[in-house]
Amino acid sequence: MTATASRPSLLIGVIGTSTGVGKTWVTAQLLATLKLRGTRVAARKPVQSYAPDDINTDAALLAGASGEDVADICPAHRCYPVALAPPMAAEVLGRGPLRMADIISEVRWPPNVEIGFVETAGGVRSPLACDGDSLELLRRLHVDRMLLVADAKLGTINSVRLTMAAVGSTPTVVFLNRFEPDNELHELNRRWLIEQDKLTVITDVHSLAIAFEDVCQAA
């Protein structure tokens with residue numbers, strides 16, 4: 001793994017309201033879009049667990065979008081082929097305990113990255129290690145922004161509010177995944193989160209890429 005102790009100019013933590021909302025898909029699309037626009041990007045998935053027959057792991061998908069090696073996205077010894085939360089998967093495989101300090105010490109970035117993404121696992125309070133969750137990881141990495149991926153369907157307002165309460169004061173952009181402009185419920189959810197909860201809500205990857213580029217340039 002070729003890496004240095006450098007840090008991206010803008011470091012974004014990717015979180016989700018729950019598992020299965022599309023964090024990896026959104027992050028991969030965002031990486032590809034930013035690359036096409038000439039932005040130097042990188043991604044890290046510090047630990048991942050997955051079904052044993054899952055060939056297209058999250059790290060593999062992110063590597064395909066960023067152009068990095070899979071092992072740079074997620075070290076091989078932090079890949080656990082059991083469909084459980086990472087610390088549980090590590091224990092089942094006899095490779096525990098999985099500790100937060102060890103995970104953090106292995107996060108390294110190549111030089112001259114403008115925007116870097118750290119993708120977590122599951123929801124924001126899902127256990128990532130035996131002694132910490134996804135939110136703990138991002139706080140200890142001192143991310144500059146959070147990208148909260150949520151579904152656009154019924155129940156998303158509650159899920160977003162609960163997640164934002166946990167996130168606290170870290171600047172956060174909400175991305176409504178699988179948003180259909182002609183779907184009345186989706187649009188009502190989007191407007192409520194913007195008008196009532198005063199959140200920044202984006203529904204297309206191109207606009208999201210531009211928003212992060214603007215933040216990076218202003219830094």
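Taken as a whole and judged by the stated rule, the model has 11 salt bridges. With a shortest N-O distance of 2.8 Å, glutamate 68 and arginine 44 are connected by a salt bridge. Taken together, the residues span a long stretch of sequence, with glutamate 68 in the loop between helix H2 (58–66) and helix H3 (70–73) and arginine 44 in strand E2 (residues 41–44) at a distance of 24 residues. The class for glutamate 68 is buried, based on a relative accessible area of 16%. Residue classification places arginine 44 among the buried residues on the basis of a relative accessible area of 4%. Residue aspartate 133 is joined to arginine 125 by a salt bridge in which the shortest nitrogen-to-oxygen separation is 2.4 Å. Assessed through its relative accessible area of 10%, aspartate 133 is described here as buried.

In the structure shown here, the tally under the stated rule is 1 cavity of 30 Å³ or more. Here the largest cavity is characterised by a volume of approximately 70 Å³. Of the residues assigned to the lining of the largest cavity, the class counts are 6 nonpolar, no polar and 5 charged.

We now examine the packing of aromatic side chains. All chains considered together, the criterion is met by 1 aromatic pair. Ring centres of phenylalanine 117 and phenylalanine 212 lie 6.3 Å apart, and the angle between their planes is 70 degrees; on these two criteria the pair is classed as edge-to-face. With phenylalanine 117 in strand E5 (residues 115–119) and phenylalanine 212 in helix H9 (residues 205–218), this pair connects stretches of sequence that are 95 residues apart. Assessed through its relative accessible area of 1%, phenylalanine 212 is described here as buried. The lysine or arginine in question, arginine 44, covers the ring of tryptophan 109, its NZ or CZ lying 5.0 Å from the ring centre.

For soluble globular proteins, nonpolar side chains are generally found buried alongside one another. The biggest cluster of nonpolar side chains holds 40 residues, and the ones touching the most others in it are Leu137, Val160 and Leu176. Here this core gets 5 residues from one element, more than from any other, and that element is helix H7 (residues 156–167). Apart from the residues lying within four places of it in its own chain, the contact partners of leucine 176 are Ala150, Asp151, Ala152, Thr156, Arg190, Leu193, Val201, Ile202 and Thr203. Residues Ala59, Leu62, Cys79 and Cys216 belong to the second largest nonpolar core, which totals 31 residues.

So, how was this worked out
Residues numbered from 1 in each chain as written. Predicted model: local features only at pLDDT ≥ 70, side-chain atom pairs only at ≥ 80, totals over all residues. Heavy atoms only, no water. Salt bridge = Lys/Arg side-chain N within 4 Å of Asp/Glu carboxyl O. Helix = DSSP H or I, 4+ residues; strand = E, 2+ residues; numbered from the N terminus. Buried < 20%, exposed > 50% of the residue type's maximum accessible area, 1.4 Å probe, protein only. 1 Å grid on protein atoms, 1.4 Å probe; cavity = no way out; pocket = protein on both sides within 12 Å on 5 of 7 lines; lining within 4 Å. Points joined across faces, edges and corners; volume = space filled by probe spheres on them. Nonpolar A, V, L, I, M, F, W, Y, C, P; charged D, E, K, R; others polar. Phe/Tyr/Trp six-rings, centres within 6.5 Å; stacked < 30°, edge-to-face > 60°. Lys NZ or Arg CZ within 6 Å of the ring centre and 35° of its normal. Core = buried A, V, L, I, M, F, W, Y, C linked by side-chain atoms within 4.5 Å. Contact = heavy atoms within 4.5 Å.

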